Amino acid sequence: MIVRIMGEGQVQIAPEDLDVLNALDGRLEAAIESGDEGAFRSCLHDLLDKIRHVGRPLPDDSLESSELILPPADASMDEVREMLGDEGLIPG
């Protein structure tokens, strides 16, 4: 799966990493639903950090289309809420 973090570039995520990412995404959704800004910020950073850790960066000139586009680390709760689909940021 090709993922773009807005403002950072693209990474390729292996299928075996999706379960962990989905769990982090679920925590992020719960933080947004509860309106807890501190938990939201922590969960967003945890999710993006994990993607950076497990993802294999693609070259800047790569022409791969992104299957997912994720918000930057400084995104607001409202911005992320608008990006959420029926299955969160990361479909499972």
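Now for a quick tour of the structure. Everything numeric in this text was worked out from a predicted model, so none of it was measured.

## Structural notes on the sheet that holds strand 1 (residues 2-5)
Each strand in a sheet pairs with its neighbour through backbone hydrogen bonds, running either in the same direction (parallel) or in the opposite one (antiparallel). What the four strands build is an open sheet, ordered 3-2-1-4; its pairing is mixed. The open sheet has two edge strands with one neighbour each: strand 3 (56-57) and strand 4 (68-70). The pairing of strand 2 (residues 9-12) with strand 3 spans two bridges and is antiparallel. Each bridged residue has a counterpart across the sheet, and for Val11 the counterpart in strand 3 is Pro57. Sitting on the sheet, helix 2 (residues 37-54) touches strand 1, strand 2, strand 3 and strand 4, and the angle it makes with strand 1 is about 130 degrees.

## Thoughts on the packing of helix 1 (residues 18-34) against helix 2
The description of two packed helices rests on the angle between their axes and on the distance between the axes. Viewed as axis vectors pointing N to C, helix 1 and helix 2 meet at an angle of 160 degrees, and their least axial separation amounts to 8 Å. For the element pair helix 1 / helix 2, the angle class is roughly antiparallel. The two elements helix 1 and helix 2 cross, and the hand of that crossing is left-handed. Taking contact as the criterion, the partners of Val20, Leu21, Leu24, Asp25, Arg27, Leu28, Ala31 and Ile32 in helix 1 are, on helix 2, Ala39, Phe40, Cys43, Leu44, Asp46, Leu47, Lys50 and Ile51. A class-by-class count of the residues in the contact of helix 1 with helix 2 yields twelve nonpolar, no polar and four charged.

## As for helix 2
Residues three or four positions apart in an α-helix share a direction because the helix packs 3.6 residues into each turn. Its 18 residues place the ends of helix 2 26 Å apart at the C-alpha level, agreeing with the 26 Å of an ideal helix rising 1.5 Å per residue. All of the buried residues in helix 2 are Phe40, Cys43, Leu44, Leu47, Leu48 and Ile51. For helix 2, the arc enclosing every buried residue in end-on projection is 125 degrees, short of the 170-degree limit, so these residues lie on one face. On its buried face, helix 2 is in contact with strand 1, strand 2, helix 1, strand 4 and helix 3 (77-83). Two or three places before Gly38, at the start of helix 2, stands the capping residue Asp36, its side-chain oxygen 3.1 Å from that residue's backbone nitrogen.

Conventions and cut-offs
- Residues numbered from 1 in each chain as written.
- Predicted model: local features only at pLDDT ≥ 70, side-chain atom pairs only at ≥ 80, totals over all residues.
- Heavy atoms only, no water.
- Pairing = 2+ DSSP bridges.
- Helix = DSSP H or I, 4+ residues; strand = E, 2+ residues; numbered from the N terminus.
- Contact = heavy atoms within 4.5 Å.
- Axes fitted to C-alpha atoms, helices over the stretch in contact; angles between N-to-C directions.
- Parallel < 35°, antiparallel > 145°, perpendicular 65-115°, else oblique.
- Left-handed = near helix turned anticlockwise from the far one by under 90°.
- Nonpolar A, V, L, I, M, F, W, Y, C, P; charged D, E, K, R; others polar.
- Expected span 1.5 Å × (residues − 1).
- Buried < 20%, exposed > 50% of the residue type's maximum accessible area, 1.4 Å probe, protein only.
- Arc of directions from axis to C-beta.
- Polar contact = N/O pair within 3.5 Å; in protein donor to acceptor, adjacent residues only side chain to side chain.

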